[in-house]
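Report on the structure
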Amino acid sequence: MEFTALQIAQLVGGRIEGDENARITTFTKIENGKEGAISFLSNPKYIHFIYDTKSSVVLIDEKIELEKPVSATLIRVANAYESIAKLLQMYDAMQPKKKGVSELAFISPTAKIGKDCYIGPFAFIGDDAVIGDGCLLYPNTYIGDKVTMGNNCILYPNATIYHGCKAGNNVVVHSGTVIGADGFGFAKTEHGYDKIPQLGIVILEDDVEIGANTCVDRSTMGATIIHKGVKLDNLVQIAHNTEIGANTVMSSQVGIAGSTKVGEWCMFGGQVGVSGHITVGDRVFIGAQGGAPSSLKSDQQVIGTPVIPATSYFRSYAVFRRLPDIKKQIDAMQKEIDELKEKLQK
């Protein structure tokens, strides 16, 4: 790959400051810059790196003001982070894709495989499964009976999709992830716990991406649904009968309990926990380690356990940090009050 700064600017709709013929052949972080590389700067706290970076070209937010000249050619854009993402996507799309079916893979005679697929060694595809065009199934992937997958899906090594589950187009499932394992359903009896059969499925709609070692459990009845455009990080747990709204994103170690409905365009930080049988509205932001024991209305930013509005949390935290000093002040005041009482009694 080789592009000029001018070509990059045309691709991202940017404005050049410097040499429009500067050539790039690779990407790198601004602090690790080298000749022939393109970097980006969108967070002002990294601005000091731009004065010494060796990168040939830097994508930079239009609003960032520099205090002194730089050696790199700059491409000013409205959002450098979005622009570098666009370039990385383009670069990834240019890479050659694997094709062909390994002799070491097992494919049921009743399965249907689309055109231009790659199926790696020791992959397993069960009875009546349907795999769309252009899918990549890396070694040791498991596709259960009657699973259906759309076009251009990617399953990385050791990803598992249990029987009957459905995936749309452009779904990505990373290594170690399990889609469709039994939900955690047991009935307490005097002898212990009887298992409740989990007869439902999981549905992954178009453009869903699920990180490594994440679990999405099948429903007791009906479907656990991950709607279009949802992105789940590594080590996320989605319990049975849950529904996650379109374009919601969840960071690592989030846990969503069963029969919960999460709205669209939500953002959950790392280690957020959400109780079962509640509803979270659209565009709800829950800060890291937040715990939601009850339903939340749309358009909120909350944090803490249990969660409260973010502004209230930070005001409360400012007081909490000072509790030892406040206690000393209260103890001193109590001592003065006791002394005054003693004087008044005399």
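Per chain, residues are indexed from 1 in the order of the written sequence. Selection of residues for local features in this predicted model requires a pLDDT of at least 70, selection of side-chain atom pairs for listing and counting requires 80 or more, and totals for whole chains, interfaces and linings are taken over all residues. Based on all heavy atoms of the structure, the side-chain values leave hydrogens and waters out of the count.

Moving on: the packing of helix H3 (residues 310-321) against helix H4 (residues 323-345). Following both chains from N to C, one finds H3 and H4 inclined at 60°, their axes separated by 5 Å at the closest point. If you check the angle between H3 and H4, you find them oblique. Contact with H3, carried on its side by Val319, Phe320 and Arg321, involves Leu323, Pro324 and Ile326 of H4 and no other residues of that element. Looking at the contact of H3 with H4 residue by residue, the classes come out as five nonpolar, no polar and one charged. With axes taken as lines fitted to C-alpha atoms, and helix axes fitted only over the stretch in contact, angles between N-to-C directions fall between 0 and 180 degrees. Each helix is a run of DSSP H or I of at least 4 residues and each strand a run of E of at least 2, with the numbering of both proceeding from the N terminus. We call two directions roughly parallel when the angle between them is under 35 degrees, roughly antiparallel when it is over 145, roughly perpendicular when it lies between 65 and 115, and oblique otherwise. Should any heavy atoms of two residues lie within 4.5 Å, those residues are counted as being in contact. Under the scheme applied here, ten amino acids are nonpolar (Ala, Val, Leu, Ile, Met, Phe, Trp, Tyr, Cys and Pro), four are charged (Asp, Glu, Lys and Arg), and all others, including Gly, are polar.

The next point concerns the pattern of salt bridges. Basic side-chain nitrogens of Lys or Arg form a salt bridge, by our definition, when they fall within 4 Å of a carboxyl oxygen of Asp or Glu. Under the defined criterion, the tally for this structure stands at ten salt bridges. Between Glu2 and Arg23 there is a salt bridge, with the nearest N and O atoms lying 3.2 Å from each other. Pair noted here: Glu2 is in the segment before strand S1 (3-4) and Arg23 is in strand S3 (residues 23-24), with a separation of 21 residues, a long-range link. Across the salt bridge formed by Asp116 and Lys99, the nearest N and O atoms sit 4.0 Å from each other. In this pair, Asp116 is assigned in the loop between strand S10 (112-113) and strand S11 (118-119) and Lys99 in the loop between helix H2 (80-94) and strand S8 (100-101), connecting sequence segments 17 residues apart. The two residues Asp116 and Lys99 agree in class, both being exposed. One network of salt bridges, with partners in common, ties together Arg15, Glu17, Glu62 and Arg76. Any residue under 20% of the maximum accessible area for its type is buried, any over 50% is exposed, and the rest in between are partly exposed; the area is computed with a 1.4 Å probe on protein chains only.

Moving on to a nonpolar patch on the surface. A grouping of Tyr317, Val319, Phe320 and Leu323 is seen on the molecular surface, where their side chains present a nonpolar patch of about 380 Å² in accessible area. Ranked by the residues each element gives to the nonpolar patch, the list is headed by H3, at three residues. Positionally, Val319 belongs in helix H3. By relative accessible area, which is 42% here, Val319 ends up partly exposed. A patch consists of residues exposed above 30% relative accessible area that lack any salt bridge, with like charges linked at up to 9 Å and nonpolar side chains (Val, Leu, Ile, Met, Phe, Trp, Tyr) linked at up to 5 Å. Using the Shrake-Rupley algorithm and a 1.4 Å probe, accessible areas are obtained, with residue cover drawn only from the displayed protein chains.

Another aspect to go through is the packing of helix H1 (residues 5-12) against H2. It is at 10 Å that the axes of H1 and H2 come closest, and there the two elements cross at 105°. Here H1 is positioned roughly perpendicular relative to H2, judged by the angle of their axes. Residue-level inspection shows Ile8, Leu11 and Val12 of H1 in contact with H2, the latter providing Ser83, Lys86, Leu87 and Met90. Partitioning the contact of H1 with H2 into residue classes produces five nonpolar, one polar and one charged.

Here the focus is the side chain of Ser102. Tracing the sequence through the fold places Ser102 in the loop between S8 and strand S9 (106-107). Among the polar contacts listed, one links the side chain of Ser102 to the backbone nitrogen of Leu104, at a separation of 3.0 Å. In contact with Ser102, not counting residues within four places along its chain, are Ile119, Gly120 and Pro121. Between N or O atoms, a polar contact is any pair within 3.5 Å; within protein, one atom must be a potential hydrogen donor and the other a potential acceptor, and residues adjacent in sequence are included only when both atoms are from side chains.

Okay, the nonpolar core next. Among the buried residues, those of types Ala, Val, Leu, Ile, Met, Phe, Trp, Tyr and Cys that are joined through side-chain atoms within 4.5 Å form a nonpolar core. Among the nonpolar cores identified, the biggest contains 49 residues, and Ile143, Met149, Phe268 and Ile286 are the most heavily contacted of them. If we ignore the near neighbours within four places in the chain, the residues touching Phe268 are Val249, Met250, Ser251, Val254, Ile256, Val262, Val274, Val280, Val284 and Ile286. Residues Ala5, Ile8, Ala22 and Val77 belong to the second largest nonpolar core, which totals 15 residues.

Strands are treated as partners if at least two bridges between them are detected by DSSP. Read from one edge to the other, the open sheet built from five strands follows the order S2-S7-S6-S5-S4, with strand pairing classed as mixed. Pairing within the sheet leaves two strands with one partner each, and these edge strands are strand S2 (15-17) and strand S4 (26-27). Across two bridges, S4 lies against strand S5 (residues 37-41) in parallel orientation. Within the sheet, the bridge partner assigned to Thr26 lies in S5 and is Ala37.

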